[in-house]
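# Fold and geometry: a report
The lines below spell out each chain.
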Amino acid sequence: MKILVCGDAEGNFKTLFQRVSKVSNATGPYDALFCVGEFFGEDRSQWDDLRSGNIKITIPTYILGPLKAEMKTFFPDIKGCELMKNMIYLGDSGVFTGASGEKIAYMSGLENNHYGGLSLAYDSIKAIEVLLGGDAGFRGVDILFTSQWPKSITNFASVPPGFEPEASGSPLVSRLALKVKPRYHFAGVEDIFYQRLPYRNHRVLAESQKHVTRFIGVAKVGNKSQKWLYAFNLTPMCKMDNSTLVEQPTDATESPYINDEKIVNVGLPTKPELNQFFYDTNYQPGEAGQQKKKRKYEENRPPGPPSPCWFCLSSPDVDKHLIISIGEHVYLALAKGFLVPEHCLILPIGHVQSERSLPSEALDEIKKYQKALLKCFEREGKCMVFYERSFKSPHMQIQCCPVPKVSATRLCEAFMDSAEDQDET
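Keep in mind that this is a model prediction, so the values were computed, not measured.

Conventions adopted
- Residues numbered from 1 in each chain as written.
- Predicted model: local features only at pLDDT ≥ 70, side-chain atom pairs only at ≥ 80, totals over all residues.
- Heavy atoms only, no water.
- Helix = DSSP H or I, 4+ residues; strand = E, 2+ residues; numbered from the N terminus.
- Buried < 20%, exposed > 50% of the residue type's maximum accessible area, 1.4 Å probe, protein only.
- Contact = heavy atoms within 4.5 Å.
- Areas by Shrake-Rupley, 256 points an atom, 1.4 Å probe, with all protein chains shown as cover.
- Expected span 1.5 Å × (residues − 1).
- Right-handed = clockwise from strand over helix to strand, strands pointing away.
- Pairing = 2+ DSSP bridges.
- Core = buried A, V, L, I, M, F, W, Y, C linked by side-chain atoms within 4.5 Å.
- Axes fitted to C-alpha atoms, helices over the stretch in contact; angles between N-to-C directions.
- Phe/Tyr/Trp six-rings, centres within 6.5 Å; stacked < 30°, edge-to-face > 60°.
- Patch = residues over 30% accessible without salt bridge, like charges linked within 9 Å, V, L, I, M, F, W, Y side chains within 5 Å.
- Salt bridge = Lys/Arg side-chain N within 4 Å of Asp/Glu carboxyl O.
- Lys, Arg positive; Asp, Glu negative; His and termini not counted.
- Charge placed at Lys NZ, Arg CZ, Asp CG, Glu CD.

Here we come to the overall build of the protein. Within the protein, the secondary structure is distributed over nine helices and 18 strands. Buried residues in the protein amount to 48% of all 425 residues. Residue pairs at least 24 apart in sequence account for 69% of intrachain contacts in the protein once pairs closer than 6 positions are excluded. In the structure as shown, the protein presents an accessible area of about 21,600 Å², 51% of it carried by carbon and sulfur atoms.

Have a look at this one:
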């Protein structure tokens, strides 16, 4: 399929569609035009010309959402809609599969948007990750469209003239690109044309070879010195054999994001709650203690298992059919030898022997899983019993057992009695 991509139109529709028509006649036909950045401008006159037919749209055109408050008036439904024949507003964020099988992800808005338009949200990005991660055969997406450039995109590559890496780009966009692994990533806003060297989506010698990503920043429509309309051919990933897909260009670089903590940890809270034996949710640890714990974990990262471990997610011995959900640091799975039918486990993805060795981000993620389980079984009139167990396998496990609420008042007493019997009080 043949695709055109343009930068911010900002209402300059006559210039845009005249150029699209000219390029289509010369090298087309093209299947679609995608517009990144701010599509509408303060001058409505050319929008009126579009709607009246004075300016012709000859191919299906897809646009992202408003970056400024005053542009919201052009969008009847901010979640996505057809604006007119051959013009589709994709929405704030999402993923779709095109007629040829191409998988496309998109994200409208700016991070920390001070202009009143759409803002990037960690929850929306995580929702895309979860949606795509649910596909067992997920390898990546064909194209990612964002308005804003990703943070750190110039790592291991040249910096285009006029671009300020420290002051520009979004860590959230970088996080999205890192997770969805697009073959092509297009962005606007900066009014700069930048075709970065392709970068790898795997660690050499540490991970299986994957396809590369090509990032292209596109200038604003009408820019006299920078390219603002980009044309390319795309064979959807689903129609390619793996050996062709993962071929590595000789100029491919390391990923600009993979070792950047600002990106890897973006969206994670800095002050997680501390889990106690009975998980006191009201206790808040001090900042200094948590930072010290995180540094200690980084300096003394736990070693891998001395022998194959049933619970390490990367182990061939793990029972994958029991897995319910996978997070960033921990995962949720059904218990193989359950105490009650709904008995499940929260376990670290890597080999960690005790909760005391976990970083603060993993502790926070455990707390999220616990709250979700509490909410789930509340509807069934049950409460949760959480306890850490390490027996036979030196891999940390938090046991999660729902029990009827009528038994809840006797639980603490039963635990304490049992501990006294074992001389563990």
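For helix 8 (residues 360-378), built from 19 residues, the straight-helix expectation of 27 Å at 1.5 Å per residue is met to within 8% by its first-to-last C-alpha distance of 27 Å. Within helix 8 the residues assigned to the buried category are Ser360, Glu361, Ala362, Leu363, Asp364, Glu365, Ile366, Lys367, Tyr369, Gln370, Leu373 and Phe377.

Attention now moves to the pairing of strand 2 (residues 32-35). Every other side chain in a regular strand lies on the same face of the sheet, so the side chains alternate between the two faces. Where burial is concerned, the two faces of strand 2 agree: the one with Ala32 and Phe34 and the one with Leu33 and Cys35 are both buried. The handedness of the strand 1 (residues 2-6) to strand 2 crossover, carried by helix 1 (residues 13-27), is right-handed. Two strands pair when backbone bridges link them, and strand 2 and strand 3 (residues 61-63) are joined in this way by three bridges, in the parallel orientation. By the bridge assignment for strand 3, Leu33 is matched with Thr61. With helix 2 (residues 45-52) bridging strand 2 and its parallel neighbour strand 3, the resulting β-α-β unit is right-handed.

Generally speaking, a soluble globular protein has its nonpolar side chains buried in company with each other. Leu16, Leu33 and Phe40 are the most contacted members of the largest nonpolar core, which has 32 residues in total. At the level of elements, strand 1, helix 1, strand 2, helix 2, strand 4 (81-84) and strand 5 (87-89) are the ones that each hand at least two residues to this core. Of the residues forming this core, the biggest block, five residues, is contributed by helix 1. Ignoring sequence-local partners within four residues, the contact set of Phe40 consists of Glu10, Gly11, Phe13, Trp47, Ile63, Met71, Phe74, Phe75 and Leu83. Counting residues in hydrophobic clusters, the runner-up holds 28 residues, among them Ala105, Leu132, Trp149 and Leu172.

For the rest of this paragraph, the subject is the sheet that holds strand 17 (residues 382-389). If you walk across this open sheet you meet the five strands as 14-15-16-18-17, and the pairing is antiparallel. Two strands bound the open sheet, and with one partner strand each, they are strand 14 (323-326) and strand 17. If you compare each strand with its neighbour and ignore which way they point, the axes differ by 20 degrees on average. Relative to strand 15 (residues 330-334), strand 14 runs antiparallel, the two being bridged by three bridges. Following the sheet pairing, Ser325 is matched in strand 15 by Leu332. Relative to the sheet, helix 8 contacts strand 14, strand 15, strand 16 (344-348), strand 17 and strand 18 (397-404), its axis offset from that of strand 17 by approximately 150 degrees.

With respect to the helices and strands, the residue Ile125 is situated in helix 3 (residues 122-133). Classification of Ile125 as buried rests on a relative accessible area of 0%. Taking the C-alpha atoms as reference points, Ile125 and Gly94, separated by 31 residues in sequence, lie 8.7 Å from one another. Leave out the neighbours within four places in its chain, and Ile125 touches Met107, Leu172, Val173, Arg175 and Leu176.

Okay, the packing of aromatic side chains next. The geometry of two aromatic rings is summed up by the distance between their centres and the angle between their planes. For the structure shown, the criterion picks out 25 aromatic pairs. Centroid distance Tyr62 to Phe96: 6.4 Å. Interplanar angle 25 degrees. Geometry classified as stacked. Taken together, the residues span a long stretch of sequence, with Tyr62 in strand 3 and Phe96 in strand 6 (residues 93-97) at a distance of 34 residues. By relative accessible area, Phe96 is classed as partly exposed at 24%. On the basis of an interplanar angle of 75 degrees and a centroid distance of 5.3 Å, the ring pair of Trp149 and Phe215 is categorised as edge-to-face. Within this pair, whereas Trp149 is found in the loop between strand 8 (141-146) and helix 4 (171-180), its partner Phe215 is found in strand 12 (residues 212-217), the two being separated by 66 residues in sequence. For Trp149, a relative accessible area of 0% gives the class buried.

On the surface, a cluster of negative charge is made up of Glu42, Asp43, Asp48 and Glu70. Within the secondary structure layout, Glu70 lies in the loop between strand 3 and strand 4.

None of this, on its own, says anything about what the molecule does.
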